[in-house]
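# Fold and contact review
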Amino acid sequence: MSKHTPRPFNDVQVALTILGRRAHLDSLPASDRGNLDHHKIDLSGTNLRGADLTDAYLVRVDLSRSHLEGANLRRACLTAANLHEAHLTTATLDGADLRKARLTGTRLQGARLNGALLQQVDLHDRQLLGTRLNGAHLEGANLRGAWMGFAELRGAHLQGADLTAAGLSSADLRGADLTEAILTMASLNNCVLTAAKVKNADFTSAKLFYAELTELDMGQAELGGAQMIGAAFGGTQLVETKGLTWGQVMSIQGDGRTTLPSTLRGPNGELRPNHWPAEDHNRALSETQT
């Protein structure tokens, strides 16, 4: 949090603390929960820059168009909260629960969402430049067209997420789970996908210029039409990859542990590009036979 971020007056912070610590609806009798649900807290358009809402219980709270720049929302429960057009740039939401939250027009550039719960959320076309989402749960999330350049997504859970035409250039996706994710026409130039899980992921027509796709098992992943000039595939298994062409193989960098489909051949019947290290490959074959 920037030391220059203004903070709420003390009385406002006290009020926020009380609101954030109010009894969880789940712990109340059903009759009381129903009554409270008709009196949802409205904090729309409020100035809450730099507020401390750590562990706050803000289920269904209306925070639309509110200013929360630099606010501390670690582990806050924001389930079904209305964050339409809220300003959360540089806010800290590590471990926050944002399931079913309304995030249309929400500004999240530079925010911290490490380990946050964002399953099934709609973040299409959102600006997430430099956002930290390490270990975040984004299973089934709608990230179509999202701008996520330089975002941190190490170990993020993106199973089945829709990243169609998303901008992920220079993003860090090391160890991320992209199983069955849709990355059609996504821009992944210079991104790092080392040790990520990409089985059954769809990279159709994706841009992967100079990306790092090392130590991967790309079983059943779709690479039809993907542009991969200069991409590093050291130690990656491509045996069961779909849509892979010899032209694509010639444009990437492999090593002795990079495996290709047995049916893929060069124009002269070659099994591997000549510019890949032959010595390493021969050593790998020898070790396998042994």
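Up top you'll find the structure we're talking about.
For the structure given in this document, a descriptive report is provided here. (Residues numbered from 1 in each chain as written. Predicted model: local features only at pLDDT ≥ 70, side-chain atom pairs only at ≥ 80, totals over all residues. Heavy atoms only, no water.)

Assignment of secondary structure puts serine 66 in the loop between α2 (30-37) and α3 (246-251). Ignoring anything within four residues of it in the chain, the contact list for serine 66 reads Leu43, Gly45, Thr46, Ala86 and His87. (Helix = DSSP H or I, 4+ residues; strand = E, 2+ residues; numbered from the N terminus. Contact = heavy atoms within 4.5 Å.)

On to the environment of leucine 213, then. Within the element layout of this structure, leucine 213 appears in the loop between α2 and α3. Leucine 213 gets classed as buried once you look at its relative accessible area, which sits at 0%. Sequence-wise, leucine 213 and asparagine 190 are 23 residues apart; in three dimensions their C-alpha atoms are separated by 10.0 Å. Those residues in contact with leucine 213 that lie beyond four places of it in its chain are Leu193, Leu208, Met218, Ala231, Ala232, Phe233 and Thr236. (Buried < 20%, exposed > 50% of the residue type's maximum accessible area, 1.4 Å probe, protein only.)

To continue, consider the pattern of salt bridges. For the structure on display, the rule yields 11 salt bridges. The salt bridge involving glutamate 152 is made with arginine 154; its shortest N-O contact spans 3.7 Å. Taking the relative accessible area as the measure of exposure, glutamate 152 reaches 24% and is therefore partly exposed. A salt bridge links glutamate 215 to arginine 257; the shortest N-O distance between them is 2.8 Å. Placement of glutamate 215 in the loop between α2 and α3 and of arginine 257 in the loop between α3 and α4 (278-289) is noted, with a sequence separation of 42 residues between them. Through salt bridges that share partners, Glu152, Arg154, Asp172 and Arg174 make up one connected network. (Salt bridge = Lys/Arg side-chain N within 4 Å of Asp/Glu carboxyl O.)

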